Amino acid sequence: MAYCQHIGVEFMFINDLEQCQWIRQKFETPGVMQFTNEEKRTLLARLVRSTRFEEFLQRKWSSEKRFGLEGCEVLIPALKTIIDKSSENGVDYVIMGMPHRGRLNVLANVIRKELEQIFCQFDSKLEAADEGSGDVKYHLGMYHRRINRVTDRNITLSLVANPSHLEAADPVVMGKTKAEQFYCGDTEGKKVMSILLHGDAAFAGQGIVYETFHLSDLPSYTTHGTVHVVVNNQIGFTTDPRMARSSPYPTDVARVVNAPIFHVNSDDPEAVMYVCKVAAEWRSTFHKDVVVDLVCYRRNGHNEMDEPMFTQPLMYKQIRKQKPVLQKYAELLVSQGVVNQPEYEEEISKYDKICEEAFARSKDEKILHIKHWLDSPWPGFFTLDGQPRSMTCPSTGLTEDILTHIGNVASSVPVEDFTIHGGLSRILKTRGELVKNRTVDWALAEYMAFGSLLKEGIHIRLSGQDVERGTFSHRHHVLHDQNVDKRTCIPMNHLWPNQAPYTVCNSSLSEYGVLGFELGFAMASPNALVLWEAQFGDFHNTAQCIIDQFICPGQAKWVRQNGIVLLLPHGMEGMGPEHSSARPERFLQMCNDDPDVLPDLKEANFDINQLYDCNWVVVNCSTPGNFFHVLRRQILLPFRKPLIIFTPKSLLRHPEARSNFDEMLPGTHFQRVIPEDGPAAQNPGNVKRLLFCTGKVYYDLTRERKARDMVEQVAITRIEQLSPFPFDLLLQEVQKYPNAELAWCQEEHKNQGYYDYVKPRLRTTISRAKPVWYAGRDPAAAPATGNKKTHLTELQRLLDTAFDLDAFKNFS
Ligand SMILES: Cc1ncc(C[n+]2csc(CCOP(=O)(O)OP(=O)(O)O)c2C)c(N)n1
Ligand SMILES: [Mg+2]
């Protein structure tokens, strides 16, 4: 629907009458688009800044990519209008995400990063002062608190760092926004909001846009409306039908997600300003998403080094003839008598001078500070110079009283008149018996870890598909009254007076969007344990971009620590090629520790230093007790690292996979390695083979060893923390069994699992003195066979190899 020459609005797919009336009234009331002379002058000044900033960069660094805004200079006044209006309506924190186009300009003129800090990013000779390998200037984030000049209110602006992968930062921005709202008690999104910028092609083409929009209707994920701004340079300026669109129009996306979309011609700055005001008002009125589509053109190529005439000669001939919007608007205001020519020129030279002075100051900068580009500082968590407050980790154990109390709540219904399902009563009763016997299974160990951290003031958020009940129906963190519809109870929130809140939320059926969201949530505070659980571990690969671009290298690129935990159900259980493998090999391949260099094992706090240096921690626990410890360690560490945990399926109910309270008492801690402690360890000199393994295969190995009566000859040592690799503890193990052959045993196929990661590191541990043999499945293309019988045959074969003491004779 076109309301005036320069504005089009689409909302016919919105089926709420009040919302439709509201939009109509905003655009159909005669004379609504009136601005005072003061407002017009502000708009002109903002256009001056936007335009002259790009010109300045072009003059100084003509051969550098900057992904300039030329053709859509109105983006700067547009964003500032949205922020002014939102600030007027009570918002004091705006979190933004955006792609490359115009990013430096937004940093300079919207977020107000010091110009000299931006300019010195162009100086390739400056050395980086911070740890990490850094990133290119148009990806870095930013955090800034300032006074909004229009409303005279404090406002904090933060721009989330992003990778080149377009739209990948969208859910991250939403997650961070949700966290900031949560921690300041802003339950309706009145104080904290997000603005997302998009390119037209990326907005229409990337599925993550849809996944992110979709989250906004879910209670534990909604941020109560985001203002989306599309820099639409694809379709706006063309007289040539051959330039027809090559991707769907942004409308298509907004229609699917029930958001109104306002198209506006970016050559009409006043129409843009009006539309942005309406969009901000829409958000603060209805707390729903809205899209502003800035229909513009791109004066240069994709970047400044590109020649667009190569491929779009006719369109670019037209574009070259186009007067810049600043010039057009200035002429208009001069003709209206709002400003005169000298005033306009004065405004330009004033800003040019600001740039020149900042440029001169940037020459004095000796080093680059990537830390200046952090999107969310964690005040108080580090020392003033950004170091951890200590390099130790206290015991993660708990007193018997605490364990018993949590266990009792976990096996009861802590509210009156609440009828739970009979099957669930049995599960809770079994839990109660475990507690009486001072033991825990997996679900109870998790309860103990969460419940105790809540007591210590740590907020916990567990998100993923079906996490409330647990995919394997083992968790049951949300009880449902069988007689009252939608009445629920979360016992974890009834543990202690003044405890921190526990959030457990079933997500939408999305991995990319939801994992990005949780990563963003975890950015906001170091005092929260944020966990994302995959339904099955292999589903993480639809969120690969978040893992590859954010979680794995995030700290190295953006000096940004993040303590997110990934729970990935993993294990070969005859269930076919899918649902078997969480792909440990991929996570291990991305660990930054050197397989060929033995670290200094005598160093004080060796284990903590290793954790501090790593890019993430990868564990596969074989006991519930160890799972409990590693979750608690995640928060008790004086720094934050992502934690990848391969979690069990059948072990959830395995009668031997239990831990005693004694393994969780004060003084106990996470065991990076669980050494053999049976008969083989009593007479280590007699041991012929030392088998190393991780995770569930341990139980197959011990059963087989017993059946073969080989408990004296074969020792089995579990590596629970795969990365950083426990060189120190494994060296002790190897030295303990001088006459033993060494073998790595895994149930995964040889080209998968842990083998390629573990083998060179074990060899380094022993200075390559002995071979490290392999007992496991052959290499394969698929993670597992689809045939149950083949699965069992393969398992038996690997056990045969593991216990055949002659198996490797012919190779030596
Ligand atoms: C996921 C992803 N795929 C491909 C690219 C490569 N790429 C960079 S910019 C770009 C075009 C983006 O077009 P648009 O979203 O319209 O933004 P514009 O550059 O026109 O502002 C492409 C394909 C990318 N960065 N991310
Ligand atoms: Mg585009």
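Being a predicted model, the structure only gives us computed values, none of them experimental. In this numbering scheme, every chain counts its residues from 1 along its sequence in written order. Key to labels: chains lettered from A, ligands numbered from 1, both in the order written. Only residues with pLDDT of at least 70 are given local features in this predicted model, and only at 80 or more are side-chain atom pairs given and counted; all residues enter the totals for whole chains, interfaces and linings. Heavy atoms throughout the structure, all of them, feed into the side-chain values; hydrogens and water do not.

Attention shifts here to the site of ligand 1. The local shell around ligand 1 holds 13 residues, among which R101, S164, D200, N233 and H302 are the closest. Here an oxygen atom of ligand 1 and a side-chain polar atom of R101 are 2.8 Å apart. Between ligand 1 and N233 there is a distance of 3.0 Å, counted from an oxygen atom to a side-chain nitrogen or oxygen. Compared with its free state, where it exposes 590 Å², ligand 1 has 67% of that area covered by protein. Residues are grouped as follows: Ala, Val, Leu, Ile, Met, Phe, Trp, Tyr, Cys and Pro are nonpolar; Asp, Glu, Lys and Arg are charged; all remaining types, including Gly, are polar. Class assignment of the residues belonging to the shell around ligand 1 gives a composition of three nonpolar, seven polar and three charged. What makes a residue near a molecule or strand is one non-hydrogen atom of that residue sitting within 4 Å of it. Two N or O atoms form a polar contact when they lie within 3.5 Å of each other; inside protein one atom must be a possible hydrogen donor and the other a possible acceptor, and for residues adjacent in sequence the pair counts only when both atoms belong to side chains. Each accessible area is a Shrake-Rupley result for a 1.4 Å probe, and residues are judged covered by the shown protein chains and nothing else.

Its place among the elements puts T647 in strand β20 (residues 643-647). Residues contacting T647, with those up to four places away along its chain left out, are L567, L568, P569, H570 and F627. Elements are defined by DSSP. Helices are runs of H or I of four residues or more, strands are runs of E of two residues or more, and each kind is numbered from the N terminus. Working rule for contacts: check all heavy atoms of both residues, and any pair within 4.5 Å makes them a contact.

The subject of this paragraph is helix α8 (residues 207-215). Each full turn of the α-helix corresponds to 3.6 residues, which orients residues three or four apart in the same direction. Think of it in three bands: residues with accessible area under 20% of the maximum for their type are buried, residues over 50% are exposed, and the middle band is partly exposed, with areas taken using a 1.4 Å probe on protein chains only. Among the residues making up α8, those that are buried are I208, V209, T212, F213 and L215. Angularly, the buried residues of α8 cover 155° about the axis, an arc narrow enough to put them on a single face. Starting at the helix axis, one direction is taken to each C-beta atom, and the arc is that of these directions.

Moving on: the domain arrangement of the protein. Domain extents, as shown, originate in an automatic or database domain assignment. Domain boundaries in the protein define domain 1 (7-373), domain 2 (400-570 + 620-663) and domain 3 (677-803). Taken together, the contact between domain 2 and domain 3 spans 13 residues of the former and eleven residues of the latter. By buried area we mean how much accessible surface two parts lose on assembly, using a 1.4 Å probe and totalling the loss over both. Buried surface at the junction of domain 2 and domain 3, both sides included, amounts to about 990 Å², of which 44% is carbon and sulfur. Looking at the side of domain 2 facing domain 3, the largest losses of area belong to H570, N620 and S622, adding up to 51% of the total buried there. Criterion for a salt bridge: a side-chain nitrogen of Lys or Arg within 4 Å of a carboxyl oxygen of Asp or Glu. Counting the contacts that link domain 2 with domain 3 gives zero salt bridges. Residue composition of the side of domain 2 that touches domain 3, by class: four nonpolar, seven polar and two charged.

Looking at the metal site, the magnesium ion (ligand 2) is ligated by D200 (OD) and N233 (OD1), spaced 2.0 to 2.1 Å from it. Of this pair, D200 sits in helix α7 (residues 200-205) while N233 sits in the loop between β8 (226-232) and α9 (250-256), and the two are 33 residues apart along the sequence. Counted as coordinating are nitrogen, oxygen and sulfur atoms within 2.8 Å of the metal, or 3.2 Å for Na, K and Ca, while water is not included, which may make sites look incomplete.

By nonpolar core we mean a set of buried residues, namely Ala, Val, Leu, Ile, Met, Phe, Trp, Tyr and Cys, connected to one another through side-chain atoms within 4.5 Å. L75, M96, F119 and I195 are the most contacted members of the largest nonpolar core, which has 81 residues in total. In terms of residue count, helix α10 (residues 269-286) provides more of this core than any other element does, eleven residues in total. Other than its neighbours up to four places away in sequence, L75 contacts L69, V106, L197, V229, V231 and L294. If you look at the next biggest cluster of nonpolar residues, it comprises 76 residues, including Y502, L529, V714 and F803.

So, about the sheet that holds strand β24 (residues 714-719). In this analysis, strands are considered paired if DSSP registers two or more bridges between them. The strand order across the open sheet formed by five strands is β22-β24-β23-β26-β27, and the pairing between neighbours is mixed. Single-partner strands in this sheet number two, and they are β22 (673-674) and β27 (772-777). In this sheet, β27 lies alongside strand β26 (residues 741-749) in parallel orientation, the contact comprising five bridges. Residue pairing in the sheet places A743 in a bridge with W773 of β27. Sheet strands in contact with helix α25 (residues 727-736) are β22, β23 (689-693), β24 and β26, and its direction is about 155° off that of β23. Of the strands in this sheet, β23, β24, β26 and β27 touch helix α27 (residues 788-803), which is tilted by about 160° from β27. Here an axis means a line fitted to C-alpha atoms, over the contact stretch when the element is a helix, while the angle between two N-to-C directions is reported on a 0 to 180 degree scale.

Okay, unusual backbone geometry next. In this model, S723 is joined to P724 through a cis peptide bond whose omega is -5°. With respect to the helices and strands, P724 occurs in the loop between β25 (721-723) and α25. Of note, D417 is a non-glycine position whose phi angle comes to about 50°, a positive value. Relative to the elements of secondary structure, D417 occurs in the loop between α14 (400-410) and α15 (422-436).

On to the sheet that holds β20. The strand order β16-β13-β17-β18-β20-β19-β25 describes an open sheet built from seven strands, whose pairing is mixed. Two strands lie at the open edges of the sheet, namely β16 (502-506) and β25, each paired on one side alone. Each strand axis lies, on average, 20° off the axis of its neighbour in the sheet, ignoring direction. Inspection of the sheet shows strand β13 (residues 459-464) paired to strand β17 (residues 528-533) by six bridges, in the parallel sense. Each residue of the ladder has a partner; that of H459, found in β17, is A528. Contacts between helix α16 (residues 442-455) and the sheet are confined to β13, β16, β17 and β18 (565-569), with β13 contributing the most and set at about 140° to the helix.

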